[in-house]
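Each chain, letter by letter, is given below.
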Amino acid sequence: MDLPKPSSAAAALQPLLAGLTPAQRSVVDHRGGPLLVNAGPGSGKTTVVTHRIASLIAEGVAPWRILGLTFTNKAAEEMRGRVEALLEHAGLTAEGVLLCTFHSFGARLMRTLPDDFGIPPRFVILDAADQKSAIKQAIRAANLDPKSFPPASISAAISTAKNQLKNAEAYESEAVDFLTRAVAKTYHTYEARLREQEAVDFDDLLMRPAIALRDQPELRARLTRRWTHLLIDEYQDTNYAQFLVADLLVSEARNVTVVGDPDQSIYGWRGANIGNILEFEMRYPDAKVIPLGENFRSTKTIVAAADALIRNNEQRKPKDLVAANDTGQKIRVRRLDDERAEAQDVVDHFREVERSGTPWSEMAVLYRMNALSRVFEEILRREGVPYIVAKGTSFFERKEVRDAIGYVRLVANPRDEVALERVINMPPRGIGATSWSRVIGEARATSQPVWDVMQSSSRIDGISSRAAKAIEQFVEMVQTWRSTLSQTGDLESLSVDLSDVVQRVIDDSGLAVHYARGGTEEDHDRVENLDELVSAAADFPGAVSHLPGLTDDQMEGSDPSPRTLDGHLFGWLESISLVADSDQVDPSRGVLTLMSLHASKGLEFEEVAVVGCEESILPHMRSIGDSSAIEEERRLLFVGITRAKQRLSLTSAKSRPVRGFRERTMESQFLCEIPEELIDRWESNASAETDSFLNHESSPVGSSRRGPGGRRLANLFPVGCLVEHEQFGVGRVEAIMPRPSGTTARIDFRYDGVKTIILEYAKLERLE
DNA sequence: TCACGCTCCCTTTTT
DNA sequence: GGGAGCGTGA
C-alpha cells in the first residue's frame, strides 16, 4: 500500500533539511521507535514537527497513515498549512494526513464507530456552560442541595474522575465520605441524563476513546493498523486519558514522536500530568531523546530573564536555555499607581512602538485572569486602537447567541434537554416555570424523554390548556424545522441551507422580534449578533466528521464530507463546541491581541506586556502556600515571557479593586527572581504610593483583612503563639521574616509539619 | 406568568 | 463588580 518513490524521495528530502540545525535535523531524520523532543521555547518545535511529517511522506509513508495530535485547532491548521507548503515544492500532497486536536479526534472516532462506543453517532457535545447547567440539573435530581454542594466543585470532581478513566460505578466504589458519596450520586444521575439526551461532555471525548482502546483489543488492533505514525504536540500538557490513547495507538508500530517542554506545563489544574513527559523514557526504554535548547525567537535578554526565573523551580530537570539572537533591549518593569495607570502606561508604550514600525498584530497584552482585560479594553476603545480579546467562545457565550444555538441544537436533536430548557420560554410564550416543572415531573415519573412527553402535553396532570397549547405549538415548530434535514447537496449549497435553518430558527422562534422590539442599544447589538451567527453558518466550510479506513476498506477515502444537511449541521455545532481561545488570533487582521497567559502558549509576538505582576494575581491567590502550585504559576510567567521576540514589559499596579474594594498590592515575588541587570525599572513616585491610595479612599477599603504593612501583622503573630490556618489547621509560629514580597512566617503545623507562608495572604487566626 | 429589583455570594486558568 | 437566585407587584 505504501508505494515508495525512491527517485524523488531523496531529492524531495534535501530542501526539508536545509536551514536546520544538526539537532533539528536529527528530529526530522529519526526513523523507527519512540522519540522525545525536549523543545525549549522558540527552538523551532513546529518547524521540526512539520518537516518531520513532510519528510515521512516524501520518503513514501502514505499520508493517511500519519496522525498528528494538538491542543488547539489553530495549531493543527498551522501545521497542515506548513506541511502542505513543504510538500508542494516536491510535487507531493499531504492529503489524508490527519492533524487535529485530541478532542476532535475523539469525537470523530466516536462518530465513525458508533457500535464500538455504544453511542449514537449524532451525539451533541456540551460546552462548559451546558455542562454546568446539566450538573445543576443532576444535583437537583439527586435530591441534593446546590448550596451545600456547589456545582463547580462537583463538576470539577467528576471531571477529575473522568480524566482518570473512572466511570460513575468506579467512582462510587471508592467513595468513602459524605462529599464523595454525594459526588458519586450526582455523577450517576449526570451520566444517565447525558445518555438520555445523546450528549457527551469534553472529558468524554478523551475518556471514552481511552477506555475503548484499553478494553477492546479488536478495536485497538484496527486503529493501530490504521495509523502507523503518531506525533503529539505540547506533550507536557497531556492527561492520563490522552497518554493512554497515545500509548495504545502506538502499541504496534511504536512510531511515536512527542514534542514538549516540561517548563511550559501549565494545565496541571485540569489533570495534565507532567509525569507523562518526564517519564517518557521510562515508559519507552528504547526512546531516543533530542533536546532542542537553542532559542531562535527572543533576544538574549528575554531568554536570560526566562532562564533565571525558571531556575527557581525545584521540581524540574535542569536545562540550559541558549539564545541565538542579539542582546536587545532591557525588560521594562513598571510599577504604577493603579490599574488604570498601568493600562495607560502599556498602551502609551505600545503606541510608541507602533509609530516606530511594529504593527499592532505583533503586540500582545497577557494576563493571569480574564477580568484584567476590562481596563485595557476601555482605554483601547477610547483611544481608537484596534484590538481583539482572544476569548474564542465569547461570541458564542452571549445570551442571544446561546439561545439561537439552543434552537439549532433542538433541530439537530430534540432530546437535547439542556437546549430545551434554555429556549422553552425564550422569548416568553406562556410556558412558565410551573408548567415546565410539570412536564419534567411527568417525564421523570414515566421514565420518558422530555421531548416524548411534550408530544402529548395535554394529557399531563395539572397543565393548563393554555400551556398545553403553547407546548403543542412549540413541538410543531421544531418539527417543521426538522423536516428539511434530510436534504442533500454539495458543501456549498449545504452551507446556504444551514444558514437558512439558522435564520428560520431566529425568525420563527420569535427571538428576532423579541429583540428588535426592545429598542435599546443593547437590543440592537443582540440583533446584530444574531445576524452574525447566520453569516457564521453560511461561512462554515464543512468538517470531516467521519474517519475513513476504519469501517470500510477504502483507506484514502477521497471525500468523506457530510452530504446531508443534518450531517453538516452536526459538524457546525461540533466546530462551535471545540473552538479554543487562541483560535481567534489572526495576524492578518492587524489588531492588538489581549489574552490570558494560558491561551498564549504556542504563540509569539514582537512586543509583549505581561500585566498584573502582583502577589495574589501572578502567582494567583489560590496557589499561595502550595509549592507545586507556585511552580506552575512560575511556569505560567515563563510562558508569558518567552512569547516575546523583541521587547517585554512586566507591569503591576500598587492598588487594584478586588471584588469591589480597592486593595493594596505587592509586586510579584517572581519579579525579584529576574536579575536586576536585565531590567529597566521605573516606579511611580514612592511617596505618591500613599497619596494615590488615599485618593481612592472614597471607595471602601477598611473591610480588608490584609493590613497595609508587615510590621503590624508581625506584631499580631509573635513567635511562639498558637495559630489556626484555614487549610493546615493548628500550628505554632516558629519565625517571622520580613521579605520584600511580604511578611513570611514559618509555622509548625500539628498535622502538616513546618510550612512557610506569607502572612498577608494566609487566612490565619491567632488562638488564645 | 413575567418583569423588576433586591440581596447574597464568589471570585483562575480551558478543550 | 457582577451574576444568580429569590421575592414582590402588576
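If you're wondering where the values come from, they're calculated on a predicted model, not measured in any experiment.

**A closer look at the nonpolar core**
And step 1. Of all hydrophobic cores here, the largest spans 125 residues; its most connected members are Phe105, Met454, Phe474 and Trp572.
And step 2. Looking at this core, the element that brings in the most residues is helix α24 (residues 465-482), giving nine residues.
And step 3. Ignoring sequence-local partners within four residues, the contact set of Met454 consists of Leu420, Ile424, Trp436, Val439, Ile471, Phe474 and Val475.
And step 4. Counting residues in hydrophobic clusters, the runner-up holds 41 residues, among them Leu321, Val333, Ala364 and Ile630.

**A closer look at the packing of aromatic side chains**
And step 1. Applying the stated criterion across every chain, the model contains nine aromatic pairs.
And step 2. Residues Phe71 and Phe102 carry aromatic rings whose centres are separated by 5.7 Å and whose planes lie at 55° to one another, so their mutual orientation is tilted. Residue Phe71 is found in the loop between β2 (66-70) and α4 (73-89), and its partner Phe102 is found in helix α5 (residues 102-112); the two are separated by 31 residues along the sequence.
And step 3. Among the residues examined, Phe102 registers a relative accessible area of 3% and is labelled buried.
And step 4. Pairing Tyr407 with Trp481 gives two aromatic rings, centres 5.7 Å apart and planes at 85°, and the pair type is edge-to-face. One end of the pair, Tyr407, is in helix α20 (residues 399-412); the other, Trp481, is in helix α24, and 74 residues separate them in sequence.
And step 5. Judged by its relative accessible area of 0%, Tyr407 falls in the buried class.
And step 6. Trp481 sits in the buried class, given a relative accessible area of 2%.
And step 7. Across the ring face of Tyr267, the terminal group of Arg270 is positioned such that the distance to the ring centre comes to 4.1 Å.

**Points about the protein's contact with DNA strand C**
And step 1. In the vicinity of DNA strand C, the residues found are Lys136, Arg374, Arg659 and Gly660.
And step 2. Backbone atoms, meaning sugar and phosphate, form 50% of the atoms of DNA strand C found within 4 Å of the protein.
And step 3. At 2.9 Å, a side-chain N or O of Lys136 approaches a phosphate oxygen of DNA strand C.
And step 4. The side chain of Arg374 places a nitrogen or oxygen atom 2.5 Å from a phosphate oxygen of DNA strand C.
And step 5. Classifying every residue of the surface near DNA strand C by side-chain character gives no nonpolar, one polar and three charged.

**Let's talk about the packing of helix α25 (residues 491-508) against helix α28 (residues 565-577)**
And step 1. At their nearest, the axes of α25 and α28 sit 10 Å apart, and the two run at 70° to each other. Between α25 and α28, the crossing angle belongs to the class labelled roughly perpendicular. For the pair α25 and α28, contact is made by Leu491, Leu494, Ser495, Asp497, Leu498, Val501 and Val502 and by Leu565, His568, Leu569 and Trp572, respectively.
And step 2. For the contact of α25 with α28, the per-class residue count stands at eight nonpolar, two polar and one charged.

**Describing the sheet that holds strand β3 (residues 98-101)**
Pairing between the strands of a sheet is mediated by backbone hydrogen bonds and can be parallel or antiparallel.
And step 1. Within the open sheet, the six strands sit side by side as β3-β2-β6-β7-β1-β8. Their pairing is parallel. Sheet topology places β3 and β8 (288-292) at the edges, where each strand pairs with a single neighbour. Pairwise comparison of adjacent strand axes, ignoring direction, gives a mean angle of 15° for this sheet.
And step 2. Seen against the sheet, helix α2 (residues 22-29) touches β1 (35-39) and β8 and runs at an angle of roughly 145° to β8.
And step 3. Where α5 meets the sheet, it contacts β2, β3 and β6 (229-232), and its direction lies at approximately 110° from that of β3.

**Structural notes on unusual backbone geometry**
And step 1. Pro427 follows Met426 through a cis peptide bond whose omega is 0°.
And step 2. Relative to the helices and strands, Pro427 is located in the loop between α21 (417-423) and α22 (433-446).
And step 3. Look at the link from Leu618 to Pro619: it is a cis peptide, with omega at 5°.
And step 4. Among the structural elements, Pro619 can be located in the loop between β15 (605-610) and α29 (627-641).
And step 5. In this structure, Arg254 takes a positive phi of about 60° despite not being glycine.

**What about the confidence of the model for chain A?**
And step 1. Taken over all residues, the pLDDT of chain A has a mean of 83, while the share at 70 or more is 86%.
And step 2. Of the regions scoring below 50 in pLDDT, residues 553-562 engages in 18 contacts with residues more than four places distant in sequence or in other chains.
And step 3. Confidence over residues 687-712 falls short of pLDDT 50; this stretch has 31 contacts with residues more than four positions distant or in other chains.

**Observations regarding α29**
An α-helical segment advances 3.6 residues per turn. Residues three or four places apart therefore align on the same side.
And step 1. An ideal rise of 1.5 Å per residue puts 21 Å on 15 residues; α29 measures up with 21 Å between its terminal C-alpha atoms.
And step 2. Where burial is concerned, most of α29 is hidden: 13 out of the 15 residues are buried.
And step 3. Measuring from the backbone nitrogen of Ser628 back to the side-chain oxygen at the start of α29 gives 3.1 Å, which picks out Asp626 as the cap.

**With respect to the state of the cysteines**
And step 1. For the structure shown, the criterion picks out zero disulfides.
And step 2. With no disulfide of its own, Cys672 lies 11 Å from the sulfur of Cys613, the closest cysteine sulfur.

**As for the environment of Met454**
And step 1. Following the sequence through the fold, Met454 ends up in helix α23 (residues 450-455).
And step 2. Classification of Met454 by relative accessible area gives buried; the value is 1%.
And step 3. For Met454 and Val439, which are 15 residues apart along the polypeptide, the C-alpha to C-alpha distance reads 7.1 Å.

**Observations concerning the pattern of salt bridges**
And step 1. All told, the structure shown has 50 salt bridges when counted by the stated rule.
And step 2. With its nearest N and O atoms 3.5 Å apart, the salt bridge here joins Lys645 to Glu604. Taken together, the residues span a long stretch of sequence, with Lys645 in strand β16 (residues 644-658) and Glu604 in the loop between β14 (592-596) and β15 at a distance of 41 residues.
And step 3. Judged by relative accessible area, which is 37%, Glu604 ranks as partly exposed.
And step 4. Between Glu632 and Arg635 there is a salt bridge, with its nearest N and O atoms 3.4 Å apart. Placement of both Glu632 and Arg635 in helix α29 is noted, with a separation of three residues, approximately one turn of the helix.
And step 5. Residue Glu632 is classed as buried on the basis of its relative accessible area, which comes to 14%.

Reading guide: rules and limits
- Residues numbered from 1 in each chain as written.
- Chains lettered and ligands numbered in written order.
- Predicted model: local features only at pLDDT ≥ 70, side-chain atom pairs only at ≥ 80, totals over all residues.
- Heavy atoms only, no water.
- Core = buried A, V, L, I, M, F, W, Y, C linked by side-chain atoms within 4.5 Å.
- Buried < 20%, exposed > 50% of the residue type's maximum accessible area, 1.4 Å probe, protein only.
- Helix = DSSP H or I, 4+ residues; strand = E, 2+ residues; numbered from the N terminus.
- Contact = heavy atoms within 4.5 Å.
- Phe/Tyr/Trp six-rings, centres within 6.5 Å; stacked < 30°, edge-to-face > 60°.
- Lys NZ or Arg CZ within 6 Å of the ring centre and 35° of its normal.
- Near = heavy atom within 4 Å.
- Polar contact = N/O pair within 3.5 Å; in protein donor to acceptor, adjacent residues only side chain to side chain.
- Nonpolar A, V, L, I, M, F, W, Y, C, P; charged D, E, K, R; others polar.
- Axes fitted to C-alpha atoms, helices over the stretch in contact; angles between N-to-C directions.
- Parallel < 35°, antiparallel > 145°, perpendicular 65-115°, else oblique.
- Pairing = 2+ DSSP bridges.
- pLDDT = per-residue confidence, 0-100.
- Expected span 1.5 Å × (residues − 1).
- Disulfide = S-S within 2.5 Å.
- Salt bridge = Lys/Arg side-chain N within 4 Å of Asp/Glu carboxyl O.

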